[in-house]
Amino acid sequence: DEDVVFTYDCSTAEKKAAQENKGEDGQPMDKGSDMILASTFSKSGSYFALTDDSKRLILFRTKPWQCLSVRTVVRRCTALTFTASEERLLVADKSGDVYSFSVLEPDECGRLELGHLSMLLDVTVSPDDCFILTADRDEKIRISWAAAPHSIEAFCLGHTEEVWDGTVRLWDYRSGRQLQCYDLASLQDLAEPRSHKGLAASRIAFWGQESCVVLLCDCIPVVFIFQLDASRQQLMFRQRLTFPHRVWDVAFEETQGLWVLQDYHEAPLVLWRPVDGQWQPAPEDAVSQRLCSCLRTSWAMLEGSVGTEESFRSLYKATFDNMTSYLKKKEERLQQQLEKKRRRSPLSGSPGQTKKACPGPAALSC
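Residues numbered from 1 in each chain as written. Predicted model: local features only at pLDDT ≥ 70, side-chain atom pairs only at ≥ 80, totals over all residues. Heavy atoms only, no water.

Under the annotation held in an unreviewed UniProt entry, the chain carries the name WD repeat domain 4 and is attributed to Jaculus jaculus. Per its UniProt entry, the chain bears the Subcellular location (unreviewed entry) comment "Nucleus". Quoted straight from UniProt, the Pathway (unreviewed entry) entry for the chain says "tRNA modification; N(7)-methylguanine-tRNA biosynthesis." (UniProt positions renumbered as here; feature names shortened; annotations may be inferred.)

1. Concerning the overall build of the chain
Helix and strand counts for the chain come out as 5 helices and 22 strands. A burial count over the chain gives 39% of its 366 residues as buried. Roughly 21300 Å² of accessible area belongs to the chain as shown, and the carbon and sulfur atoms make up 52% of that amount. (Helix = DSSP H or I, 4+ residues; strand = E, 2+ residues; numbered from the N terminus. Buried < 20%, exposed > 50% of the residue type's maximum accessible area, 1.4 Å probe, protein only. Areas by Shrake-Rupley, 256 points an atom, 1.4 Å probe, with all protein chains shown as cover.)

2. Some points on the pairing of strand S10 (residues 131–136)
Counting buried positions along S10 gives 6 out of 6 residues, so the element sits mostly inside the fold. Here S10 shows a buried face lined by Phe131, Leu133 and Ala135 and a second buried face lined by Ile132, Thr134 and Asp136. With 5 bridges joining them, strand S9 (residues 120–125) and S10 adopt antiparallel strand pairing. Along S10, the bridge assignment pairs valine 125 with isoleucine 132. Taken together, S9 and the strand that follows it, S10, pair antiparallel across an intervening segment of 5 residues, in which aspartate 129 is found at a positive phi of about 65°. (Pairing = 2+ DSSP bridges.)

3. Some thoughts on the sheet that holds strand S12 (residues 152–157)
Spatial strand order, S9-S10-S11-S12: 4 strands in an open sheet with antiparallel pairing. Sheet topology places S9 and S12 at the edges, where each strand pairs with a single neighbour. Each strand axis lies, on average, 15° off the axis of its neighbour in the sheet, ignoring direction. (Axes fitted to C-alpha atoms, helices over the stretch in contact; angles between N-to-C directions.)

4. Regarding the pairing of strand S2 (residues 47–52)
Taking burial as the measure, the 6 residues of S2 include 6 buried ones, the bulk of the element. Alternating positions in S2 separate into two faces, Tyr47, Ala49 and Thr51 on one and Phe48, Leu50 and Asp52 on the other, with burial throughout. Taken together, the 5 bridges between strand S1 (residues 36–41) and S2 define a ladder with antiparallel strand orientation. Paired with isoleucine 36 across the bridge in S2 is aspartate 52. Where S1 folds back onto S2 in an antiparallel hairpin, the turn is made up of 5 residues, including glycine 45, whose phi is positive at roughly 85°. Two strands pair when backbone bridges link them, and S2 and strand S3 (residues 56–62) are joined in this way by 5 bridges, in the antiparallel orientation. Within S3, the position partnered with leucine 50 by the bridge is isoleucine 58. Between S2 and the antiparallel strand that follows it, S3, lie 3 residues; lysine 55 among them carries a positive phi value of about 65°.

Below, the structure written as structure tokens:
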């Protein structure tokens, strides 16, 4: 309700049984720290789900708030999404698999829907629930039929690294055709560094009421705002919001605007609204004051959970110049072999021995 903030501590959730806490080889697995890895609301806001590094999938009802179930996932997860019908919950994991879990039967086990050959970074569904869209670390977005996930409708190809490569792209996902591409580095101030690796997108959110798309990049205090013109299939850059502190997350509230969670103890949560075509911070009201007060009481937890380093650093593929090292070692081996041959060769002996050795084929080959 309006007077109470619901709080849930994952460390108090049900623990897996000892026999379930073993890997495929029968050896005990590393215990998690109960850190939340991904979370999502259903479209209507009636359900909320989260997953943590202890491989738990926790489902909530929000009206009123109540924990419905605590289930176990096979591997640590990277993304969650509810289907549009809110009947199932899709879970993407680091091994590239997508499992679905029933919402209506909260104790039912999950079933495998599809798999990639690399880590999945995100999963969502089409508005009509016909397609499952998955983005992986190998630059691919895959469009699969929900009724038969092994049947692939299209691939959206064009990203140069994992599907957060410093660009924002608009796709016709049914055909896999790219409609538009923005290089985020071109939208930065001239004084800022231009490396796209500092512009890995950590959050994309859409506000249907205003047809706005916001994009938050990892480790920089900037939020990019775009306007979507669906009829013309265009994405237009509108504004760049700069903050004095690191932004941790952003989310739209349908009738309110854009909530921004930032690394600032005095005002951790700020609401932004469009005013005459420009986004501005809204005056603080009773709701934002209550939420900020709640966040300040958990400030130590927030600071400890959200590090200062880039979250996606490990996702970038390292490049190694193996050829230079190989050629250098090869040259060293050849030199060592020549040196050994010189030491064994009779050419290094007396002049007489040298003359006798000259006509020999072995001497000539040296």
